[in-house]
Amino acid sequence: MKFYHFLIALLLGANLSWSQGNKYTYSLTLIDSTQTLRGTAELTFFNSSKLSLDTIYLHLPPRSLEHKKSFLHRQLAEFQKIDAFYAKKEERGFITVEQLAIGSLQLPVCEKCEFVALPLSAALNGGDSVKVTFDFEIKLGSSEFNGVGYDGQMYRIIDWLPNFPTLDSAGFKLYPITFQRDIFPANNQYKVDFSLPADMIVASNATLTTSNELARLDSLKELPFKKPSPEPGLKKLNYTHTGTNLQFFASRDLFVFPMKNGGSFYVLNQDLYFPSVVDITNSEIDVFLRNQIGENTEERFDLILIPEKNGEYQSDNLLTIETPKDLFRFSSELCHARAEMIFRYKMLPNGFKDPWIARGIPYFYKYHFINENFPDKKWLPLSNSLLGKIFALDQFDYSYQNQFLYLYLARQNLDQPMSAPVDSLSRLNYEAIAQAKVYMALSHLREFVTPYNFGRSMRRFYLNHKGEATANNLKSSFHYYSNKPVNWFFVDWVPTTGTYDYRLVKTEYCPTISTATVTNTGTLTLPYSLTGMKDGKPVLTQWYGGHTGKKSVQMYHADYDEVILNYPGRVPEYSQRNNTYYNRALFPRMEPLSLPFYYSFEDPKHSQLYWTPTINFNAYDKVLIGASLDNSSLVQKSFEYIIGPEYSTGTGKLTGYSSFIYNILPRKSNLFHQIRVGVFGRYYHYNEDLTYLRLSPAINFYFKKPYPTSSILQNLRFRVVNLDRELPNNFSEPANQVGNSSFSVFNATYKYEETNIFNPYTIQGDFYWGDQFSRLGIEGDFRWMLPNKKWLIWRNYAGYFFTNKFAANGITNNYYSLGLSGTRDFLFDYQFFGRSDSSGIWSQQTFVTEGGFKSQTNAYSDNWMISTNVVVPIWSVFGVFADAGLVDNTDKLYYDFGVRIALVTDFLEIYFPLMNQDQNFLNTPAYYKSIRFVLDIDQSNIINRLRRGYY
């Protein structure tokens, strides 16, 4: 240890550390014909901690796509992305490492490790270094999976070379490659010799030092801008770099333009106008960043536009943006990229552990830039058109999407803390929490401490904590400049999922004083603001430190016609529908009524009643014309209702449906994340001139996942179904043979669902109890994804009657019997378009329930039933099916098999039976009558399928 190191540590009482980074020397050759990168590496690892190390680690990024059990593949599976898993090894890419040595010691390299453990012959103490040498070859796969590889026009080598993981005082951070490319970067020294086809242009975050190539690039930048001319052979380029990562983009089709900041602008499609737009936009962003965090933001950097960007990444000197659709997209994405360059790649936060800092802060500046430079920009397309006004799309500014994303999950009790690490965040929470909620929370903090002090604090954070961008250092920066307490943000808000929500109860105006009564309806005690408004414009804003329960606070006495809590609303508040109080005699707390067409987003400024013209159909009501009236926006509310009157053109009668639901979010429960209590009703015709009325109170318990990224879903439902059916006037059979015209049945259903896309399965148990019967059914649906990306499905069912008064009285094949070829649906759960039809197209509609047979067997059970069903996909939408089962009497085995066409699996399928235990269907007359089909248009089933992989 050098004496001055010891002296500094002694005087400061600090842990000893060194700032020297690792040294990387690569000699690379790009083989265009095989899309291969060959290299020799000489890597020097420097122990910058005070730990004594007996093992160091080498990170091989290509292994994250090469091996299917990697963290990246697990993430892709969670996101329901399967292309990489089924791609060939050459399409995914891979790496081979040969002759790895530490000094004279040769070490083996494991074949499937993303991180290779390298044992040392002697302990490596703090301040010491060791050199690792090896040869390697990287097959560059397709860039479609995570943005790295070859896209048919450009090679993208993005942080893909072998390197050492970051070491801190706690040890090595073995953070794998993620889909969002969340890293814990460190400053290192790079030297690269890169040989590649002579006619290629290279964009890199490293500094090119080859003089003839620099001259060549300068000539290409001169008007008229030129493309590289074809040249034979290879050229050798030399790069040096001191920074966080290493990226190369190489293509024969790149144009290069000069930028006023001294950098270069690379693009695949020539546009003589666009380079000037780059400089103008970049100057605007310079002004914005300088106003936000002070000087030292007008740095040189290069910029490249690419047609498609998979994954999220930038670097310390080269910014990468997907080719924008318009100037707004370009401006906002460039601002975002520059903020990432500053706060992520220069300040070096732990992006894996603290994505709210690494991702959230740049995201905040992106939307803050939009608010300042594009204040009238709306979020949704067509907002300013007549169509936009009809759909109420014009009510939402561009940043509202952050509030929507947060509330969408928080209102289902599925949100996570802002401080959650990357490997614990669900896909949608990564955007809704680590980015969207952080943007709103920082906006709230900015207004609380004042924009001036917020800017000074962020500037101090930027200037004083490069290389150590931690939450504690960010907090200390705010403590330094804020004259208000900020622990509520860092201690109470960031690490929790507590709700922030205040309600403005009333305001009172006296001759000399004005007061407001505010109730804290959330679980967190955080600051809030009250803004007095006059003619729609803010007059004065006051901040209050927060409180529990109800409290009256004094406001500055002024002429207000309304008071708004937390204006202008860019804050992750659980509900802003109770934040306004109007100075009027009638309905002072009621927002103006809005009647948006169809569904829209929750608008805190209006009381919304959605209306939607509807068209429905069944074989007896024929075309149903009606309207849906409801309060159910795309964000869940505590109380939701829907009323849907419909006119039956077939009968001339009024029919319809309705539901009333109350959502309970037990935030302190370790068992449930949501409980839904509701009453559901329907009134339609189930046969010619025969109606049914169905009323069903129900309670549904949604279990918490074992952990947020778990693919397990569970729910338990209890309900009572009351059904009242009209019977024909000439009905002569005993009423109990069809289950009576009116009855009530209790039903309990437990569903356990594994949603892993490669091997999903569902296990469901249903118990029914009525005055005439009680029965239990258990269903297991198991699926395996085949290389053709279709599921092999194996379904099993067992049903048993505990009591059956009909069977005891000799009445078989009754209304409650189990069906081998599908359900009788005595509770009217499924949408059969012709549920009473015995012939015609609608009689051939089925659902794979109970016995699950695809052909019509006319076999029913009054005691017990077991069945098994197999579906094998063959090619495209075509496959085969086979079913087998026993019903009551074990003397007869039922079976069938045939051809299946699955246009949309589980929702639109057609079955062509070929043979069963009794007949060859192809030899029967009118074969088309044997064909059956599934048509499921239940909205809840569709949503449940689409949501998988997001939350």
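This is a predicted model, so every value here is computed, not measured.

Rules used throughout
- Throughout this description, residue numbers start from 1 for each chain and increase along the sequence as written.
- With the structure being a predicted model, the display of local features is reserved for residues of pLDDT at least 70 and the display and counting of side-chain atom pairs for 80 or more, all residues being used for whole-chain, interface and lining totals.
- Excluded from the side-chain calculations are hydrogens and water; all other atoms, namely the structure's heavy atoms, are used.
- For this document, the term salt bridge refers to a Lys or Arg side-chain nitrogen within 4 Å of an Asp or Glu carboxyl oxygen.
- Runs of E in the DSSP output that reach at least two residues are strands. Runs of H or I that reach at least four are helices, and both are numbered from the N terminus.
- Partly exposed residues are those whose accessible area sits between 20% and 50% of the maximum for their type, while under 20% is buried and over 50% is exposed, using a 1.4 Å probe and protein chains only.
- Detection works on a 1 Å grid of protein atoms alone, calling trapped sets that fit a 1.4 Å probe cavities and calling open sets with protein on both sides within 12 Å along at least five of seven lines pockets, with lining residues defined by an atom within 4 Å of a point.
- Grid points are joined across faces, edges and corners, and a volume is the space filled by probe spheres set on the points.
- For this scheme, ten residues count as nonpolar: Ala, Val, Leu, Ile, Met, Phe, Trp, Tyr, Cys and Pro. Four count as charged, namely Asp, Glu, Lys and Arg, and the remainder, Gly too, count as polar.
- Stacked, edge-to-face and tilted are the three classes for Phe, Tyr and Trp ring pairs, Trp counted by its six-membered ring, which pair at centre distances within 6.5 Å; planes under 30 degrees apart are stacked, over 60 edge-to-face, the rest tilted.
- For a ring to carry a charge above it, either NZ of a lysine or CZ of an arginine must fall within 6 Å of the ring centroid while also lying within 35 degrees of the normal to the ring plane.
- Strands were regarded as paired on the criterion that DSSP finds at least two bridges between them.
- Within a predicted model, pLDDT stands for the predictor's per-residue confidence, ranging from 0 to 100.
- Contacts were defined at the residue level, with two residues in contact if any of their heavy atoms lie within 4.5 Å.
- In this description, a nonpolar core means a group of buried Ala, Val, Leu, Ile, Met, Phe, Trp, Tyr and Cys residues linked to one another through side-chain atoms lying within 4.5 Å.
- Every axis corresponds to a line fitted to the C-alpha atoms, with the helix fit spanning only the stretch in contact, and the corresponding angles, defined between N-to-C directions, vary from 0 to 180 degrees.
- The criterion for a disulfide is a pair of cysteine sulfur atoms lying within 2.5 Å.

Draft legend 1. Structural detail: the pattern of salt bridges. Applying the stated criterion across every chain, the model contains 37 salt bridges. Where Arg359 meets Glu312, a salt bridge forms, and the shortest distance between an N and an O atom there is 3.4 Å. With a gap of 47 residues between them, Arg359 in the loop between helix 9 (355–358) and helix 10 (360–373) and Glu312 in the loop between strand 19 (302–306) and strand 20 (318–322) connect regions that are remote in the sequence. The buried category is assigned to Arg359, whose relative accessible area is 1%.

Draft legend 2. Seen up close, empty space enclosed by the protein. Taken as a whole, this structure holds two cavities of 30 Å³ or more when the rule is applied. Each pocket or cavity is described by its volume, and for the largest cavity that value is around 60 Å³. Listed by contribution, the elements that provide at least two residues to the lining of the largest cavity are helix 3 (71–78) and helix 13 (427–449). If you tally residues by element for the lining of the largest cavity, the top one is helix 3, at four residues. A class-by-class count of the residues in the lining of the largest cavity yields five nonpolar, four polar and four charged. Each pocket or cavity is described by its volume, and for the second largest cavity that value is around 40 Å³. Classifying every residue of the lining of the second largest cavity by side-chain character gives four nonpolar, two polar and three charged.

Draft legend 3. Focus on the packing of aromatic side chains. With the rule as written, the count across this model stands at 85 aromatic pairs. Taken together, a centroid distance of 5.3 Å and an interplanar angle of 90° make the contact between Phe448 and Trp488 edge-to-face. A residue pair is termed long-range when its members are at least 10 positions apart, and Phe448 in helix 13 and Trp488 in helix 16 (residues 487–493) qualify at 40 residues. Trp488 sits in the buried class, given a relative accessible area of 7%. The residue whose ring lies beneath Lys484 is Phe448, and the NZ or CZ to ring-centre distance is 4.7 Å. The ring of Tyr911 is capped by Lys854, whose NZ or CZ atom sits 5.8 Å from the centre of that ring.

Draft legend 4. Main features of the pairing of strand 37 (residues 742–754). In this sheet, strand 37 lies alongside strand 36 (residues 712–725) in antiparallel orientation, the contact comprising 13 bridges. Residue pairing for strand 37: Leu723 is matched across the bridge by Phe743. Across 10 bridges, the pairing between strand 37 and strand 38 (residues 761–770) is antiparallel. Paired with Tyr750 across the bridge in strand 38 is Gly765.

Draft legend 5. Quick peek at the confidence of the model for the protein chain. In the predicted model, the protein chain carries a mean pLDDT of 91, and 95% of its residues have values of at least 70. Within the protein chain, helix 1 (residues 3–12) has the poorest average pLDDT of any element, 35, and strand 1 (residues 23–31) the best, 98. Below a pLDDT of 50 lies the segment residues 1–19, which in the model reaches 18 contacts outside its immediate sequence neighbourhood of four places, other chains included.

Draft legend 6. Quick look at the environment of Leu690. Residue placement: Leu690 occurs in strand 35 (residues 690–703). When the C-alpha atoms of Leu690 and Thr178 are compared, they prove to be 59 Å apart, with 512 residues separating the residues in sequence. Beyond its immediate stretch of four places on either side in the chain, Leu690 contacts Tyr684, His685, Glu726, Leu727 and Pro728.

Draft legend 7. Just unusual backbone geometry, in detail. The residue after Tyr567, namely Pro568, is reached through a cis peptide bond having omega 5°. Counting through the fold element by element, Pro568 comes out in the loop between strand 26 (562–565) and strand 27 (580–582). The backbone of Lys622 shows a phi angle near 60°, a positive value even though the residue is not glycine. By the secondary structure assignment, Lys622 is in strand 31 (residues 622–630). Judged by relative accessible area, which is 39%, Lys622 ranks as partly exposed. Backbone geometry places Asp825, a non-glycine residue, at a positive phi of 55°.

Draft legend 8. Up close: the pairing of strand 46 (residues 889–904). Pairing of strand 45 (residues 878–887) with strand 46, which is carried by nine bridges, proceeds in the antiparallel orientation. Bridging across to strand 46, Asp883 finds its partner in Asp896. Here strand 45 hands over to strand 46 after one residue, with Asp888 in that stretch at a positive phi of 55°. Pairing geometry for strand 46 and strand 47 (residues 908–916), over eight bridges, is antiparallel. Within strand 47, the residue paired with Arg900 across the bridge is Tyr911. Counted along the chain from strand 46 to the antiparallel partner strand 47, the turn is three residues long, and its residue Asp906 has a positive phi close to 80°.

Draft legend 9. Looking closely at the sheet that holds strand 8 (residues 149–150). Reading across from one edge, 8-9-16-13 is the order of the four strands in this open sheet, with antiparallel pairing throughout. Both edges of this open sheet fall to strand 8 and strand 13 (201–204), since each of them pairs with a single strand only. Here strand 8 runs beside strand 9 (residues 155–158); their pairing, made up of two bridges, is antiparallel. Each residue of the ladder has a partner; that of Gly149, found in strand 9, is Arg156.

Draft legend 10. Structural view of the nonpolar core. Residues Leu303, Tyr365, Met458, Phe489, Trp493 and Leu530 are the most contacted members of the largest nonpolar core, which totals 97 residues. Considering each element in turn, this core owes the most residues, 12 residues, to helix 13. Aside from chain neighbours lying at most four places away, what touches Tyr365 is Phe288, Gln292, Ile293, Cys335, Ala339, Phe343, Phe454 and Met458. Of all hydrophobic cores here, the second largest spans 74 residues; its members include Val97, Val132, Ile138 and Ile177.

Draft legend 11. Representation of the sheet that holds strand 23 (residues 528–534) within the structure. Ordered in space as 24-23-26-27, the four strands form an open sheet in which the pairing is antiparallel. The sheet terminates laterally at strand 24 (537–544) and strand 27, the two strands that pair on one side only. For this sheet, the mean inter-axis angle between neighbouring strands, taken without regard to orientation, is 20°. Examined bridge by bridge, strand 23 and strand 26 share four bridges and lie antiparallel to one another.

Draft legend 12. Focus on the side chain of Ser143. Relative to the helices and strands, Ser143 is located in the loop between strand 7 (129–139) and strand 8. Given a relative accessible area of 5%, Ser143 falls into the buried group. Beyond its immediate stretch of four places on either side in the chain, Ser143 contacts Val148, Gly149, Tyr150, Asp151, Arg156 and Asn310.

Draft legend 13. Geometry of the state of the cysteines. Taken as a whole and assessed by the stated rule, the structure comprises one disulfide. Two residues, Cys110 and Cys113, share a disulfide whose sulfurs are 1.9 Å apart. Look at Cys110 and you get partly exposed, because its relative accessible area is 26%.

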